[in-house]
Amino acid sequence: MKQEVQRIQEEALAELSKTTSLEELQELKVKYLGKKGSLTAQLRKMGSLSPEERPIFGQIVNETRDLLEEAWARRTEELSKAALEKQLEEERIDISLPGVALPRGHQHPLTKVIEDIEDIFLGMGFTIAEGPEIESDYYNFEALNLPKDHPAREMQDSFYITDEILLRTQTSPVQIRAMEKLYPQLPVKIICPGKVYRKDDDATHSPMFHQVEGLVVDKGIRMSDLKGILLNFLRQMFGESREIRLRPSFFPFTEPSAEVDVSCMLCGGSGCRICKGTGWIEILGSGMVHPRVLEAGGYDSRELTGFAFGMGVERIAMLKYGIEDMRLLFENDLRFLEQF
Ligand code: DAH
């Protein structure tokens, strides 16, 4: 009987070493150690033994059981470890492989230019004002000293919603809105970037385009202040060696008015295709705020003066990046946009 137990033990250990899965292991456990297992069956033979032999045999069977259970536990651990390793191997992610690169976007050149302009003026103590794109005739024209029959309205034909409501043709109405809002604070020192609309469409004009308006009102503001601010701005925008010149011009909302030219950033002033041989590039309109405009904004034109200016963002972007057709800025062709 002792040999029989010994045999069972050897057989069990041999089979155990060949198991390859936790399921097999479980089956084998039932076969040897279960209620009807072969080792358990040995215990039942105890009845045929003498009382002296019984405890000895019982001890042998128990020792074998302990030994086998220990062997099972070890094998269970081995197999589960192997199973885990196999799973880890199968589900392994190779983190050294390059990922799927998402194309990285960036700002539209116009957005970038607007932010550059804002940064420069914020640096000079301006704040940023805003106004509606759907504007009344009053703010867009009337309050800016452009009465209904004024010939200067002709250059700014727009999209009318009613006789009195239109898509703004310029950011200048924000001058009035800003003054109304800020009164009686001084100084008024704002810029206003935004979209404007006109009945225009060719290589250098678009029915929607962007302007940045500027307005400064305070005691003792002079034309030299205007010139200084614009020179500083244009040098930061187009390079420290730029010069500017002011040419007499006309705008209904300024008196006197000046067209501002900047020395050509391409040829430096000697004359080229971009500046049409003149060395100068027209860049913005400006002037001393007309007393009627100050009054429309609520400020006293006998005590205060101011200057204003307005520039086209597309034009600045085109000059800065050498873009020859304005429509490229609105077609959103990635082959174009990715160049910035
Ligand atoms: N609003 C003018 C335009 O769209 C530009 C302009 C000129 C604005 C002179 C100004 C200014 O504030 O003083 O053509």
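Residues numbered from 1 in each chain as written. Predicted model: local features only at pLDDT ≥ 70, side-chain atom pairs only at ≥ 80, totals over all residues. Heavy atoms only, no water.

What about helix H8 (residues 223–238)?
- Given a rise of 1.5 Å per residue, 16 residues ought to cover 22 Å, and the 22 Å separating the end C-alpha atoms of H8 matches this to within 8%.
- For H8, the full list of buried residues reads Leu226, Ile229, Leu230, Phe233, Leu234, Met237 and Phe238. With its buried residues spanning 135° around the axis, H8 presents them on a single face.
- On its buried face, H8 sits against helix H5 (109–123), strand S6 (244–251), strand S7 (254–263), strand S8 (280–289), strand S9 (305–312) and helix H10 (313–321).
- The first or second residue beyond H8 is Gly239, which carries a positive phi of 115°. (Helix = DSSP H or I, 4+ residues; strand = E, 2+ residues; numbered from the N terminus. Expected span 1.5 Å × (residues − 1). Buried < 20%, exposed > 50% of the residue type's maximum accessible area, 1.4 Å probe, protein only. Arc of directions from axis to C-beta. Contact = heavy atoms within 4.5 Å.)

Let's talk about H5
- For H5, which comprises 15 residues, the first-to-last C-alpha distance of 21 Å matches the rise-based estimate of 21 Å (1.5 Å per residue) to within 8%.
- Those residues of H5 that sit buried are Pro109, Leu110, Val113, Ile114, Ile117, Glu118, Ile120 and Phe121.
- Count one or two residues on from H5 and you reach Gly125, which has phi positive near 90°.

Digging into the site of the ligand
- Not every one of the 16 residues close to the ligand is listed here, only the nearest: Gln170, Ser172, Arg198, Gln211 and Glu213.
- One of the side-chain nitrogen or oxygen atoms of Glu213 is found 2.5 Å away from an oxygen atom of the ligand.
- At 3.3 Å, a backbone N or O of Phe309 approaches an oxygen atom of the ligand.
- Among the elements of the structure, strand S5 (208–218), S8 and S9 are those that each provide at least two residues to the shell around the ligand. (Near = heavy atom within 4 Å. Polar contact = N/O pair within 3.5 Å; in protein donor to acceptor, adjacent residues only side chain to side chain.)

Let's talk about the pairing of S7
- Within S7, eight of the ten residues are buried, which leaves it mostly tucked inside the rest of the structure.
- In this sheet, S7 lies alongside S6 in antiparallel orientation, the contact comprising seven bridges. Following the sheet pairing, Pro248 is matched in S7 by Ala258.
- Between S6 and the antiparallel strand that follows it, S7, lie two residues. (Pairing = 2+ DSSP bridges.)

A look at the packing of aromatic side chains
- Tallied over the full model, the rule gives ten aromatic pairs.
- Summarising the aromatic geometry, the rings of Tyr138 and Tyr139 are spaced 5.2 Å apart at their centres and angled 75° between planes, so their arrangement reads as edge-to-face.
- Here Tyr139 falls in the buried class, since its relative accessible area comes to 14%.
- When the ring of Tyr183 is compared with that of Tyr299, the centres are 5.0 Å apart and the planes differ by 80°; the resulting orientation is edge-to-face. (Phe/Tyr/Trp six-rings, centres within 6.5 Å; stacked < 30°, edge-to-face > 60°.)

Section: the nonpolar core
- Judged by nonpolar contacts, the single largest core of 43 residues is most densely connected at Ile117, Phe121, Phe233, Ile283, Phe309, Met311 and Ile316.
- For this core, the secondary structure elements donating two or more residues are H5, S5, H8, S7, S8, S9, H10 and helix H12 (334–337).
- Top element by residues in this core is H8. It accounts for seven residues.
- In terms of nonpolar packing, the next biggest core, distinct from the first, is built from 24 residues, Ala129, Val174, Val289 and Leu304 among them. (Core = buried A, V, L, I, M, F, W, Y, C linked by side-chain atoms within 4.5 Å.)

Comments concerning the side chain of Glu135
- Mapped onto the fold, Glu135 is located in strand S2 (residues 134–136).
- Among the residues examined, Glu135 registers a relative accessible area of 2% and is labelled buried.
- One polar contact links Glu135 to Arg177, side chain to side chain, over a distance of 2.7 Å.
- What Glu135 contacts, discounting residues up to four positions off in sequence, is Asn140, Glu164, Ile165, Leu166, Arg168, Pro173 and Arg177.

Remarks on the domain arrangement of the protein
- Under the domain assignment used here, the protein contains domain 1 (2–90) and domain 2 (109–337).
- Here domain 1 and domain 2 have C-alpha centroids that lie 93 Å from each other. (Domains from an automatic or database assignment.)

Observations regarding the packing of helix H2 (residues 22–33) against helix H4 (residues 53–90)
- Running from N to C, H2 and H4 cross one another at 170°; their axes reach a closest spacing of 10 Å. What the angle tells us is that H2 and H4 run roughly antiparallel. Facing Leu22, Leu25, Leu28, Lys29, Tyr32 and Leu33 of H2, the residues of H4 in contact are Arg65, Leu68, Glu69, Trp72, Arg75, Thr76, Leu79 and Ser80.
- Grouping the constituent residues of the contact of H2 with H4 by class yields eight nonpolar, two polar and four charged. (Axes fitted to C-alpha atoms, helices over the stretch in contact; angles between N-to-C directions. Parallel < 35°, antiparallel > 145°, perpendicular 65-115°, else oblique. Nonpolar A, V, L, I, M, F, W, Y, C, P; charged D, E, K, R; others polar.)

Considerations on unusual backbone geometry
- Here the bond from Tyr183 into Pro184 is cis, since omega is 5°, no more than 30 degrees from zero.
- At the junction of Leu186 and Pro187, the peptide bond is cis and its omega measures out at -5° in the coordinates.
- Of note, Pro187 is situated in the loop between helix H7 (173–182) and strand S4 (188–197).
- Here Asn332, not a glycine, exhibits a phi torsion of approximately 55°, which is positive.
- Along the chain, the position of Asn332 falls in the loop between helix H11 (328–331) and H12.
- Note on Asn332: relative accessible area 47%, which makes it partly exposed.

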